[in-house]
Amino acid sequence: KRRGVQNVDASGDGTGYSLQVSRHYASEAQKRKEKLKSADADSKKAFVYSFKLLDLNTNLYVAFGLSFKSEKEAYNRAMEMFEASGLKLSSMRLDKYYSNPSDVGKLGPSVNVYVLPKKNATVKGNWAWKRRMFDFVNNTEAYFEEYYRREHSEAQFGADKRWFGWD
């Protein structure tokens, strides 16, 4: 509120923090890829998942979510926090994990969502998804310029991990 943030051009990203010194999130995720997110109970206790929503104009976090279960659950909690904040979302940049019609549709038709479509993406789905795919195909260069503004959230996560530790 002190910074006068009302309309948010956001970038969101999730990561995992290891709860054991002997296991590093990046190496475990590389080994198991998506299987890690639905692994057995022992693996679920090994990481806490975090999702943060960054305002690109002020470089301030406007919402965050945590989960022991999955990055998706952390994302849902962050979005609940954002909705409760009373801020308005103008645009959103997310990675491929959130590149599906249902996630784009949940953000609403007035939000410009920038995601890279998955390999098997189609134009089936809600109108918000179809508009995003139309922009991706017809205005590819401008779309990529907006999408790659999400590097700010990647850089901010890296800075946070260096400051507060990787584990």
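Residues numbered from 1 in each chain as written. Predicted model: local features only at pLDDT ≥ 70, side-chain atom pairs only at ≥ 80, totals over all residues. Heavy atoms only, no water.

**Q** What exactly am I supposed to notice about the packing of aromatic side chains here?
**A** What describes a pair of aromatic rings is the distance from one ring centre to the other and the angle between the planes of the rings. Under the defined criterion, the tally for this structure stands at 9 aromatic pairs. Geometrically, the ring pair formed by Phe 51 and Tyr 75 is edge-to-face, given 5.0 Å between the ring centres and 85° between the ring planes. Here Tyr 75 lies in helix H3 (residues 71-85) and Phe 51 lies in strand E2 (residues 47-55), a separation of 24 residues in the sequence. Look at Tyr 75 and you get buried, because its relative accessible area is 3%. Each member of the aromatic cluster is reached from another via a ring pair, and the members are Tyr 114, Phe 136, Tyr 143, Phe 144, Tyr 147 and Tyr 148. The side chain of Arg 132 reaches across the aromatic face of Tyr 114, ending 5.1 Å from its centre. (Phe/Tyr/Trp six-rings, centres within 6.5 Å; stacked < 30°, edge-to-face > 60°. Helix = DSSP H or I, 4+ residues; strand = E, 2+ residues; numbered from the N terminus. Buried < 20%, exposed > 50% of the residue type's maximum accessible area, 1.4 Å probe, protein only. Lys NZ or Arg CZ within 6 Å of the ring centre and 35° of its normal.)

**Q** Can you walk me through the side chain of Ser 99 in this structure?
**A** Within the secondary structure, Ser 99 is located in the loop between strand E4 (88-93) and helix H4 (101-106). Reaching out from Ser 99, the side chain makes a polar contact with the backbone oxygen of Leu 116 at a distance of 2.7 Å. Look past the residues within four positions of Ser 99 in its chain and what remains in contact with it is Val 115, Leu 116, Pro 117, Lys 118 and Trp 129. (Polar contact = N/O pair within 3.5 Å; in protein donor to acceptor, adjacent residues only side chain to side chain. Contact = heavy atoms within 4.5 Å.)

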